Amino acid sequence: MFLKSIALLLGGTSLAALGAPALAQDADPALQDVIIVTGSRVDNATELRVSPDAAPVFGNDVTLLTARTPGGARIGNGELSGQMQYRGLFGERLNLRVNGQRFASGGPNLMDPVFHYAPAPLVQAVVIDRGVSPVSSGPGLAGGADAVFKRVNYSDNETPSFGYDFSLGGRSVNESLATGGVFGASTQDWRLSLLGSWEEGDDTEFADGTIAGTAFERGVYGLSGGLRTDLGEITLDLRRQNTGPSGNPPFPMDIIYFDTDFARLGYTNTFGAATFEASLHYTDVAHLMNNFSQRPAPPAMRQRATFADATTRGFDASLAFSAFGGDLSIGLDGDVAEHNVTITNPNNLGFFVTPFPQIEIDRSGGFVEWTGVMAGINTELGLRIDQNSFEAGDAITGPALPMGPLNLAAAFNDADTSGEDTILDAVARIWTDPKNGLSWRATLAHKQQMPGYIQRFGWLPINASGGLADGNIYVGDLMLEPETALIAEAGFDYASTNAYLRPTVFLRQIDDYIQGVPFDDTVGVINSPVEMIASMNGDPTPLRWANVDARLYGFDLDAGYDFDGPLRVDGVINVVRGERRDIVDNLYRVAPPNLTLGLTWESAAWSITLEGRAVAEQDKVSRTNSEIETDAYAVVSLYGDWHVGDGVRLSAGVENLFDEIYRDHLSGYNRNGFGDVPVGERIPGAGRGLFLRLSFAN
Ligand SMILES: [Cu+2]
């Protein structure tokens, strides 16, 4: 009953009910987190699982789903370019994975954040680490999440059986379509699934007209196979994603394409009581964006087409066995990420430049993690070390480039761009077994994060900020230090037959936090080549990346109550503050306090939910990033869910019932100069619209 209740507003899908492949449910409830959607869900102390097929369809990006969880929010940089925010942190600071695979995004502004590669119709569940990620999941400053794909799993006998899990959905507000899923066959010894998805949409409408530059298209196809042999289990996952023309209003350019390949070869074997797991993985991103084909084109001389690519090659290997009265896991992992970015002007063959030239970042890591019971309390202790080395190639410049950039390129090419750093993560998590429905949990962690390649190697003053979309021009700093966070969290999970409550308070003290600071002491006085170039490009007050001191703190919770009869209520509350410790200022783009509350009428085969989302004003804005305050708003939606029959399910609803015009603090400022949203204004949320989704699985 408890699990089913949490499910309602927050839900993941009941896996068995959908006939979907069973997922490992081995993690403990205290460590992972839930989503405001309908259905049922499985979560625990360490993880929270949310399933797109069980959530209302408010868009195509799974970060809309993770934004419905305690601690969650969404950075809106485009319909397919949403970034997950967790307890105030986002971007590469989170340890995000797709189907367990870590990889480097290709866009210098994160037009392809990690979850760009997890289309909702293909995703079985997003598994969110509650609080911090375990060290065994890899490095990362704070939280983490993995978008796990659907697949047909092994069966329990020798006769091949077939399985499928599809969904077909659409929204009227942008005339969009999202369809896809998996089908395949398996026995107890092998499994094979083919997967595919297609999503497309037009510009989103709102009460004042059209939000231009919000059309999109994305296709994925691939396969997932496994073979159990006497020598162990071998798995293979292959996927190709082709993102087509898709708008990014908060950026100076739009996506023309992302053509991205994923490959992962896995191996598992057991030796007595020990389990050995290993994988090799590869990701290759090829990207083009420009500022003229999906928005009003600037004059020929100012047109730009930028090519970016990123390749990741990695491995991991771990051995798990019983030790010290618990389970001990030791592992090694590493990857090599390469980035290259070239800006061109298609009208001038002599104009080209590489702002991020042939960058290579090597990482080798190792971890030890023990899980067991100490003094009657469940305990996870982990230690991880990552050795990183980095370097850039020479910046290449075309003959049509002006003198200023040529001089900066020469200086960059003379500098020593290589270096190395070792970072250390230590995590201690404890939680008690439920007693009278109450389970306590606490986390202490020391986490470190390497500076990103944009922050370190940005020698040319341009609008590349790794997805901040604050409109500022940035330059990098070769001498940046890693960020160091000290994290403390505490909370409890309470569940009775008709109520649940799961609050958490947290504090994250971050030294050497990397953000933009004024380029020099004479702000607004153009007395350096960087300021001269930045000024010609429209920003006379550029920022440079620097180590500062920061702090994030707050609390969040999810809770629910099941009344006698068919009514129940579920809610999520998030409060987070982000501030600088070295000067009086706030951190940029932190979600304002918000409350989501759903009232559900529930019967055996169907349910209807009236959902209200209230978001406070955000006046704790970053002066350094010239961040604009936002007003409070509330938006109401109505949706329902019907189990039509065996494995068939219909969801439908009305989003933004009262056609409210609202501007979320985390949606970017419009920069594309057409449609009905003025330039510089925050992009509004979608207007009133219908959605419908049919899912069928066997
Ligand atoms: Cu891009």
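Residues numbered from 1 in each chain as written. Predicted model: local features only at pLDDT ≥ 70, side-chain atom pairs only at ≥ 80, totals over all residues. Heavy atoms only, no water.

> Looking at this structure, I do not really get the packing of aromatic side chains. What am I missing?
Here a ring pair, both rings aromatic, is described through the centre-centre distance and the interplanar angle of the planes. Taken as a whole and judged by the stated rule, the model has 15 aromatic pairs. For the ring pair phenylalanine 390 and phenylalanine 457, a centre distance of 6.3 Å and an interplane angle of 65 degrees mean the geometry is edge-to-face. In this pair, phenylalanine 390 sits in strand β20 (residues 377–391) while phenylalanine 457 sits in helix α5 (residues 453–457), placing the two residues 67 residues apart along the sequence. For the pair formed by phenylalanine 390 and phenylalanine 457, the shared burial category is buried. (Phe/Tyr/Trp six-rings, centres within 6.5 Å; stacked < 30°, edge-to-face > 60°. Helix = DSSP H or I, 4+ residues; strand = E, 2+ residues; numbered from the N terminus. Buried < 20%, exposed > 50% of the residue type's maximum accessible area, 1.4 Å probe, protein only.)

> What should I look at first to understand the domain arrangement of the protein chain in this one?
How large an interface is tends to be reported as the accessible area lost when its parts come together. Considered domain by domain, the protein chain is made up of domain 1 (2–147) and domain 2 (148–697). Once you take the C-alpha centre of each, domain 1 and domain 2 turn out to be 10 Å apart. The interface of domain 1 with domain 2 comprises 102 residues on the first partner and 136 residues on the second. Both sides of the domain 1 and domain 2 interface together cover about 9400 Å² of buried area, and 57% of this is carbon and sulfur. Where domain 1 packs against domain 2, one counts 5 salt bridges. Where domain 1 packs against domain 2, one counts 50 residue pairs in polar contact (both at pLDDT 80 or more). Per-element accounting of the side of domain 1 that touches domain 2 gives the leading share, 7 residues, to helix α1 (residues 2–10). (Domains from an automatic or database assignment. Contact = heavy atoms within 4.5 Å. Buried area = accessible area lost by both parts, 1.4 Å probe. Salt bridge = Lys/Arg side-chain N within 4 Å of Asp/Glu carboxyl O. Polar contact = N/O pair within 3.5 Å; in protein donor to acceptor, adjacent residues only side chain to side chain.)

> Where do I start with the sheet that holds strand β2 (residues 72–76) in this structure?
Neighbouring strands of a sheet are bound in pairs by backbone hydrogen bonds; such pairs are parallel or else antiparallel. Within the open sheet, the 3 strands sit side by side as β2-β3-β4. Their pairing is antiparallel. Two strands in the sheet have a free side with no partner beyond their single neighbour: β2 and β4 (89–90). Where β2 and strand β3 (residues 82–86) come together, 5 bridges link them in antiparallel fashion. The residue of β3 that forms the bridge with alanine 73 is glutamine 85. (Pairing = 2+ DSSP bridges.)

> What exactly am I supposed to notice about empty space enclosed by the protein here?
A water-sized probe, rolled over the atoms, reveals where empty space remains. Approximately 880 Å³ is the volume attributed to the second largest cavity. Of all the secondary structure elements, the ones that give two or more residues to the lining of the second largest cavity are β2, β28 (594–602), β29 (606–615) and β30 (633–645). Tallied by class, residues from the lining of the second largest cavity come to 18 nonpolar, 14 polar and 8 charged. Mapped onto the domain boundaries, the lining of the second largest cavity takes at least three residues apiece from domain 1 (2–147) and domain 2 (148–697). (1 Å grid on protein atoms, 1.4 Å probe; cavity = no way out; pocket = protein on both sides within 12 Å on 5 of 7 lines; lining within 4 Å. Points joined across faces, edges and corners; volume = space filled by probe spheres on them. Nonpolar A, V, L, I, M, F, W, Y, C, P; charged D, E, K, R; others polar.)

> I tried to follow the environment of glycine 673 on my own but got confused; where do I start?
On the secondary structure map, glycine 673 appears in the loop between β31 (648–655) and β32 (689–697). The exposure class assigned to glycine 673 is partly exposed, which follows from its relative accessible area of 45%. Here the alpha-carbon distance between glycine 673 and tryptophan 370, two residues 303 residues apart in the chain, equals 55 Å. Look past the residues within four positions of glycine 673 in its chain and what remains in contact with it is Pro296 and Val679.

> Would you mind going over the coordination of the copper ion with me for this structure?
Octahedral metals with six donors have ideal donor angles of 90 or 180 degrees. Tetrahedral metals with four donors have an ideal donor angle of 109.5 degrees. Surrounding the copper ion are the protein donor atoms Met111 (SD), His287 (NE2) and Met289 (SD), at 2.1 to 2.4 Å. Each donor residue of the copper ion lies on the same chain, and together they follow the pattern M-x175-H-x1-M. You can see methionine 111 sitting in the loop between β5 (95–98) and β6 (123–129) and its partner methionine 289 sitting in strand β16 (residues 274–290), a full 178 residues away along the chain. What makes methionine 111 buried here is its relative accessible area of 1%. (Donors = N, O, S within 2.8 Å, 3.2 Å for Na, K, Ca; no water.)

> Looking at this structure, I do not really get a nonpolar patch on the surface. What am I missing?
A cluster of nonpolar side chains, Tyr561, Phe563, Leu567, Leu599, Trp601, Trp606, Ile608, Leu610, Leu638, Trp642 and Val644, forms an exposed patch at the surface whose accessible area comes to about 970 Å². Of all the secondary structure elements, the ones that give two or more residues to the nonpolar patch are β28, β29 and β30. Inspection of the secondary structure assignment puts tryptophan 642 in strand β30. (Patch = residues over 30% accessible without salt bridge, like charges linked within 9 Å, V, L, I, M, F, W, Y side chains within 5 Å. Areas by Shrake-Rupley, 256 points an atom, 1.4 Å probe, with all protein chains shown as cover.)

> Sorry, what's going on with the environment of phenylalanine 658 here?
One can find phenylalanine 658 in the loop between β31 and β32. Take phenylalanine 658: its relative accessible area is 57%, and that puts it in the exposed class. The spacing of phenylalanine 658 and serine 637 is 21 residues in sequence and 8.4 Å in space, taken between C-alpha atoms. In contact with phenylalanine 658, other than residues within four places in its own chain, are Val636 and Arg688.

> Looking at this structure, I do not really get the layout of surface pockets. What am I missing?
In this model, the second largest pocket occupies a volume close to 1100 Å³. Looking at the second largest pocket, it is lined by 40 residues, and the ones nearest its centre are Pro252, Asn291, Arg302, Arg304 and Asn537. At the level of elements, β18 (326–345), β19 (348–374) and α6 (529–536) are the ones that each hand at least two residues to the lining of the second largest pocket. With 4 residues, the top contributor of residues to the lining of the second largest pocket is β19.

> Hey, could you run me through the pattern of salt bridges in this one?
Pairing between side chains of opposite charge can happen when their charged atoms approach one another. Under the defined criterion, the tally for this structure stands at 32 salt bridges. Across the pair glutamate 199 and arginine 218 runs a salt bridge, and its minimum N-O distance is 2.8 Å. Of this pair, glutamate 199 sits in strand β10 (residues 190–201) while arginine 218 sits in strand β13 (residues 216–229), and the two are 19 residues apart along the sequence. Arginine 218 matches glutamate 199 in its accessibility class, with the two residues each being buried. For aspartate 261, the salt bridge identified is with arginine 240, shortest N-O distance 2.8 Å. One end of the pair, aspartate 261, is in strand β15 (residues 254–271); the other, arginine 240, is in strand β14 (residues 232–243), with 21 residues separating them in the sequence. Under the relative-accessibility criterion, aspartate 261 is labelled partly exposed at 25%. On the accessibility criterion, arginine 240 (25% relative accessible area) is partly exposed. When salt bridges with common partners are traced through the structure, they connect Asp333, Asp335, Arg363, Arg384 and Asp386 into a single cluster.

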